[in-house]
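Next come the chains, spelled out residue by residue.
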Amino acid sequence: MGCKIDSLIERHGLTVPGAGHESVDEYLVARWTGSDGRSADGYKALTEWFNKRLLKRLYEEHGRDTVSVHLDREYEVITGDADIQRDELAADLATDGLDIDDITDEMVSWSTMRHHLKGCLEAEKETTPAKTDWEANTVQMAQERTVEKARSVLSSLASKERLRDAEQAEIDVQVKLSCPDCSVRVPFEDAVERGYVCDAHAENEPEEPVRERLGNKLSVIAAPYMVAEALQTTFLGEPLLEAAVVVPF
């Protein structure tokens, strides 16, 4: 039985651009390992590529504009936290027979992409020595521990027959940083890569270090497959899983 990515490829007839690869799987492995001569991509970049490819196909199926600039902008709204923009887009998508929540449920997480590459496709990637990034490594280890704890919880729920198919659920853990001055929330990796959490407030306070502005506001969100809601999620009257991770900057 294939994973979610296999199912989406088959159900929507997903293909790759150009004629250099025979299948989406071959393309993903080539980009992940760098065997196509380009710099190897990580799970996040491949997940974004796959989700945008899926979104383009969904738009095509409903006769919606698939111009890249529009697609990229709407993808950011669909996957972002700007509620007003999301509501506006949801209304617009509805005119083409598309439901924004259904689209979100179709999209895959980076952990699903990792499982597909390493588990389903059994792909292997050579690692190159790199300078130690203990901050990112600490956050990654926290995510991995949370996944392990969540897996244990799901196993227990399954054995007690409180959650059907719990052990087959996919678990996605994210660390997001919140701006102390507004509602902006972004993935930890994105904030570190660009050097700020909120563009507007970073410009207002250029001399203050990013990490001090963050106030160590880290939230870890663990969500089983088909459930991709954020904080304060409850299940069967109990907290599903919510953990605060303090990273010593």
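Data block above holds the structure.
Below, the structure is looked at part by part. Predicted model, so just to flag it, every value in this text is computed and none were measured.

All right, on to the overall build of the protein chain then. Within the protein chain, the secondary structure is distributed over 11 helices and 6 strands. The 249 residues of the protein chain split such that 34% are buried. Looking at the protein chain alone, contacts between residues at least 24 apart form 58% of all its contacts between residues at least 6 apart. By element, 49% of the accessible surface of the protein chain is carried by carbon and sulfur atoms, the whole surface being about 15,000 Å².

Here strand β1 (residues 171-178) lies mainly inside the structure; 7 of its 8 residues are buried. One ladder, built from 3 bridges, connects β1 with strand β2 (residues 185-187); its direction is antiparallel. When the bridges of β2 are listed, Ser178 appears paired with Arg185. In sequence, β1 turns back onto β2 through a hairpin of 6 residues.

Non-glycine residue Glu122 carries a positive phi angle of around 55 degrees. In this fold, Glu122 is placed in the loop between α7 (110-120) and α8 (134-159). Even without a glycine there, the phi angle at Glu161 is positive, about 60 degrees. Mapped onto the elements, Glu161 comes out in the loop between α8 and β1. Taking relative accessible area as the criterion, Glu161 reaches 75% and is therefore assigned exposed.

Next up on the list: the nonpolar core. In this structure, Val24, Phe50, Leu55, Ile78 and Ile103 are the most contacted members of the largest nonpolar core, which totals 32 residues. Residue assignment for this core shows that the elements contributing at least two residues are α1 (4-12), α2 (24-33), α3 (43-61), α4 (68-79), α5 (83-94), α6 (100-106) and α7. Ranked by residue count, the leading element in this core is α3, at 7 residues. When sequence neighbours within four positions are dropped, the list of residues in contact with Leu55 reads Leu71, Tyr75, Ile78, Ile103 and Met107.

Counted by the stated rule, this structure contains 3 aromatic pairs. Here the aromatic rings of Trp32 and Tyr43 are separated by 5.8 Å at their centres, their planes lie at 25 degrees, and the arrangement is stacked. Placement of Trp32 in helix α2 and of Tyr43 in helix α3 is noted, with a sequence separation of 11 residues between them. The buried category is assigned to Trp32, whose relative accessible area is 5%. Of the aromatic side chains, those joined through ring pairs into one cluster are Trp32, Tyr43 and Trp110.

Let us now look at the state of the cysteines. Per the counting criterion, the structure on display carries 0 disulfides. Among the cysteines around Cys3, which has no disulfide bond, Cys120 carries the closest sulfur, lying 3.6 Å off. Relative accessible area serves as the criterion here: at 11%, Cys3 is assigned to the buried category. Distance from the sulfur of Cys179, which forms no disulfide, to the nearest cysteine sulfur (Cys182) is 3.7 Å. For Cys179, a relative accessible area of 6% gives the class buried.

Moving on, we come to the pattern of salt bridges. For side chains bearing opposite charge, pairing can occur when the charged atoms are close. Under the criterion given, the structure shown has 14 salt bridges. Between Arg31 and Asp41 there is a salt bridge, with the nearest N and O atoms lying 2.8 Å from each other. You can see Arg31 sitting in helix α2 and its partner Asp41 sitting in the loop between α2 and α3, a full 10 residues away along the chain. Given the relative accessible area of 12%, Arg31 is considered buried. Measuring nitrogen to oxygen at the nearest pair gives 2.6 Å for the salt bridge that ties Asp96 to Arg64. Of this pair, Asp96 sits in the loop between α5 and α6 while Arg64 sits in the loop between α3 and α4; the two residues are 32 residues apart in sequence, bridging distant segments of the chain. Residues joined in a network through salt bridges with shared partners are Lys56, Arg57, Glu60 and Glu61.

Here we come to the environment of Glu76. In this structure, Glu76 sits in helix α4. Residue Glu76 is classed as partly exposed on the basis of its relative accessible area of 46%. For the pair formed by Glu76 and Lys52, sequence separation is 24 residues and the distance between their alpha carbons is 9.9 Å.

How each quantity is defined
- Residues numbered from 1 in each chain as written.
- Predicted model: local features only at pLDDT ≥ 70, side-chain atom pairs only at ≥ 80, totals over all residues.
- Heavy atoms only, no water.
- Helix = DSSP H or I, 4+ residues; strand = E, 2+ residues; numbered from the N terminus.
- Buried < 20%, exposed > 50% of the residue type's maximum accessible area, 1.4 Å probe, protein only.
- Contact = heavy atoms within 4.5 Å.
- Areas by Shrake-Rupley, 256 points an atom, 1.4 Å probe, with all protein chains shown as cover.
- Pairing = 2+ DSSP bridges.
- Core = buried A, V, L, I, M, F, W, Y, C linked by side-chain atoms within 4.5 Å.
- Phe/Tyr/Trp six-rings, centres within 6.5 Å; stacked < 30°, edge-to-face > 60°.
- Disulfide = S-S within 2.5 Å.
- Salt bridge = Lys/Arg side-chain N within 4 Å of Asp/Glu carboxyl O.

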